[in-house]
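Okay, here's what each chain looks like letter by letter:
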Amino acid sequence: MEFVSKRLESLHPYVPGEQPTDRVYIKLNANENPYPPHPSVTEAVGAALAASPEKLGLYPDPDVTELRAEIARMLNTTGGVLCRASCGRDGCSPSPEDALGFEITPDMIFCGNGSDEVLSFVFYSFFDSDRPVVFPEHTYSFYPVYCGYYDIPMERVPLNSDWTLDTGTMLSKAKASGSGIIFANPNAPTGLALSRAEVARILESAPEGKVVVVDEAYCDFGGESCLPLLKEHKNLVIVRTFSKSLSFAGMRLGYIVANPELVQAVFCVKNSFNHFPVDFLAKTAAIASCRAAPYYAENARKIVTERESLTAFLRDRGWFVIDSKTNFVFAKKDGMGGRAVYEKVRDAGILIRHFATPGIEDFVRISIGSHEQMDALKKAMSF
Ligand SMILES: *Cc1c(COP(=O)(O)O)cnc(C)c1O
């Protein structure tokens, strides 16, 4: 192609779930949160703009100091799994199984413009071109895109036949080439989660001097967070996002929790690319969101309830549904291709996600919406 770089010619961009503008659909295709932000979030943005409109003309804090302290506080009080945190008017406390056992400090947090950007910095910071990064064959499909972007070779390990991660093979591949590892936990698009003990075993036998990255985008819906493992494991990088459990996909805020030396490495990458990925409004809204954790915990519990209800509904009708610890389910029905299911449901005015990827093309991924949205979906899927 004329004009463009050689690098550009070899890019294979990620394709997100459709965001249609032609017709109003019930959107269950991008794992967005069906509930609006807490009123204090929009109020905080309005108040900040009214009080200091000049802030829109000034560069924001490149270190997002205040927000990092607020995120640390949210994690310390919820344990990183909102649907299990017990929250009252005075704030939250983790359920005993999510107790951290140490304090997360602001210097363990890095914030970026959505976790997609944060992940991009992570790939650049920790994975080299001289050896492959190891990840499951079916996982967040942005990982291979970053590998292409940064010219990092990849070693994709097929899932076990029950759709769980083949952690043994992932480890032996990583050891053979001295590689880093990345996976989503709970995984996408399967929705299955590894226990914290299983992740600890990976951290213990992963190659020296290489990181293990755990993408906890969906952890608030019932996985086991690896946050407690940060105390013992210097090679652990946890990536999390406000998009799913904190109703923030339109604002863009993702973050890392890791030991301070690793966080500093990512700051170095960020400052070589864009000093200010978190703008004044996103920062203001994000701080208010952290303070409204009890509201988002309640929403996470509603989503879990709807997820279990949809799972039972589909299984009753002969669907194969993978046990989900996320805000979506991954399901298929014998004799029906995933594409056909997607089209039937779309014709009823509801968008779900179908991946044409070989191996999972029979499945559809359905995001969990509100009770009313799930009622409409169940009607549309009564075939
Ligand atoms: C949604 C998602 C992300 C991206 O989140 P953003 O913060 O909106 O960029 C990252 N990882 C996984 C596994 C996701 O599902």
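Keep in mind that what you see is a predicted model, and the values were worked out from it rather than measured.

S.K.: Break down the overall build of the chain for me, citing the residues and quoting the values.
M.R.: Check the secondary structure of the chain and you find twelve helices and 14 strands. By the compact-globule yardstick of 21 Å for 383 residues, the chain fits well, its C-alpha radius of gyration being 21 Å. The principal-axis extents of the C-alpha atoms in the chain amount to approximately 55 × 55 × 55 Å. When each of the 383 residues of the chain is scored for burial, the buried share is 53%. Taking the intrachain contacts of the chain between residues at least 6 apart in sequence as the baseline, contacts between residues at least 24 apart amount to 73%. Positive and negative side-chain charges of the chain, numbering 39 and 47 respectively, have mean locations separated by a distance of 2 Å.

S.K.: Before we move on, can you summarise the state of the cysteines with the specific residues and values?
M.R.: For the coordinates displayed, the defined rule picks out one disulfide. For Cys87, the disulfide goes to Cys92, at an S-S distance of 2.1 Å. Across the disulfide from Cys87 to Cys92, rotation about the S-S bond amounts to roughly 105°, and the bridge is consequently right-handed. With a relative accessible area of 14%, Cys92 lands in the buried category. For the unlinked cysteine Cys111, the closest cysteine sulfur is that of Cys290, found at 8.5 Å. As a non-bridged cysteine, Cys226 has Cys219 as the owner of its nearest cysteine sulfur, 7.2 Å distant. Given the relative accessible area of 0%, Cys226 is considered buried.

S.K.: I'd like a rundown of the packing of helix 4 (residues 114-126) against helix 5 (residues 143-150), residues and numbers included.
M.R.: Viewed as axis vectors pointing N to C, helix 4 and helix 5 meet at an angle of 50°, and their least axial separation amounts to 10 Å. Relative to helix 5, the element helix 4 is oriented oblique. When you trace helix 4 past helix 5, the crossing you get is right-handed. Seen from helix 4, the contacting residues are Asp116, Glu117, Leu119, Ser120, Phe123 and Tyr124; seen from helix 5, they are Tyr143, Tyr146, Cys147 and Tyr150. Among the residues making up the contact of helix 4 with helix 5, the classes are represented as seven nonpolar, one polar and two charged.

S.K.: Give me the lowdown on the pattern of salt bridges, citing residues and values where you can.
M.R.: All chains considered together, the criterion is met by 15 salt bridges. Two residues, Lys283 and Glu66, come together in a salt bridge whose shortest N-O distance is 3.6 Å. With Lys283 in helix 9 (residues 280-291) and Glu66 in helix 3 (residues 65-78), this pair connects stretches of sequence that are 217 residues apart. The buried category is assigned to Lys283, whose relative accessible area is 18%. For Glu66, a relative accessible area of 45% gives the class partly exposed. Linking Arg307 and Glu308 is a salt bridge whose minimum nitrogen-to-oxygen distance equals 2.8 Å. For Arg307, a relative accessible area of 4% gives the class buried.

S.K.: How would you sum up the environment of Val81? Please name residues and give values.
M.R.: You can see Val81 is positioned in the loop between helix 3 and strand 2 (86-88). It is 13 Å that separates the C-alpha atoms of Val81 and Ile238, two residues lying 157 residues apart in sequence.

S.K.: I'd like a description of the site of the ligand, backed by residues and values.
M.R.: Around the ligand sit Gly114, Ser115, Asp116, Leu119, Tyr140, Asp215, Ala217, Tyr218, Thr241, Ser243, Lys244 and Arg252, and that is every residue in its neighbourhood. Backbone polar atom of Ser115 to an oxygen atom of the ligand: 2.6 Å apart, as the coordinates give it. Contacts to the ligand include Thr241, whose side-chain N or O atom sits 2.6 Å from an oxygen atom. Isolated, the ligand exposes 390 Å² of accessible area, and the fraction of that covered by the protein chains is 93%. Mapping the ligand onto the cavity grids shows that it belongs to the largest pocket. Ranked by residue count, the leading element in the shell around the ligand is helix 4, at four residues. Residues that form the shell around the ligand fall into these classes: four nonpolar, four polar and four charged.

S.K.: Any chance you could break down the environment of Asp166 for me, citing the residues and the numbers?
M.R.: Assignment of secondary structure puts Asp166 in the loop between strand 6 (154-157) and helix 6 (167-177). Separated by 30 residues in the primary sequence, Asp166 and Pro136 place their C-alpha atoms 7.7 Å from one another. Once residues within four sequence positions are removed from consideration, Asp166 is found in contact with Val157, Pro158 and Asn160. Looking at Asp166, its side chain comes within polar contact range of the side chain of Thr169, at 2.6 Å.

S.K.: Which residues make up the pairing of strand 9 (residues 236-241), and what are the values?
M.R.: The buried fraction of strand 9 amounts to six of the six residues, a majority that puts the element mostly inside the structure. In strand 9, alternate side chains face the same way, and those of Leu236, Ile238 and Arg240 on one face and Val237, Val239 and Thr241 on the other are all buried. Pairing between strand 8 (residues 212-215) and strand 9: four bridges, direction parallel. Paired with Asp215 across the strands is Val239, a residue of strand 9. With five bridges joining them, strand 9 and strand 10 (residues 254-258) adopt antiparallel strand pairing. By the bridge assignment for strand 10, Arg240 is matched with Tyr255.

Thresholds applied
- Residues numbered from 1 in each chain as written.
- Predicted model: local features only at pLDDT ≥ 70, side-chain atom pairs only at ≥ 80, totals over all residues.
- Heavy atoms only, no water.
- Helix = DSSP H or I, 4+ residues; strand = E, 2+ residues; numbered from the N terminus.
- Rg over C-alpha atoms; globule rule 2.2 N^0.38 Å.
- Buried < 20%, exposed > 50% of the residue type's maximum accessible area, 1.4 Å probe, protein only.
- Contact = heavy atoms within 4.5 Å.
- Lys, Arg positive; Asp, Glu negative; His and termini not counted.
- Charge placed at Lys NZ, Arg CZ, Asp CG, Glu CD.
- Disulfide = S-S within 2.5 Å.
- Axes fitted to C-alpha atoms, helices over the stretch in contact; angles between N-to-C directions.
- Parallel < 35°, antiparallel > 145°, perpendicular 65-115°, else oblique.
- Left-handed = near helix turned anticlockwise from the far one by under 90°.
- Nonpolar A, V, L, I, M, F, W, Y, C, P; charged D, E, K, R; others polar.
- Salt bridge = Lys/Arg side-chain N within 4 Å of Asp/Glu carboxyl O.
- Near = heavy atom within 4 Å.
- Polar contact = N/O pair within 3.5 Å; in protein donor to acceptor, adjacent residues only side chain to side chain.
- Areas by Shrake-Rupley, 256 points an atom, 1.4 Å probe, with all protein chains shown as cover.
- 1 Å grid on protein atoms, 1.4 Å probe; cavity = no way out; pocket = protein on both sides within 12 Å on 5 of 7 lines; lining within 4 Å.
- Sits in = over half its atoms within 2 Å of the grid points.
- Pairing = 2+ DSSP bridges.

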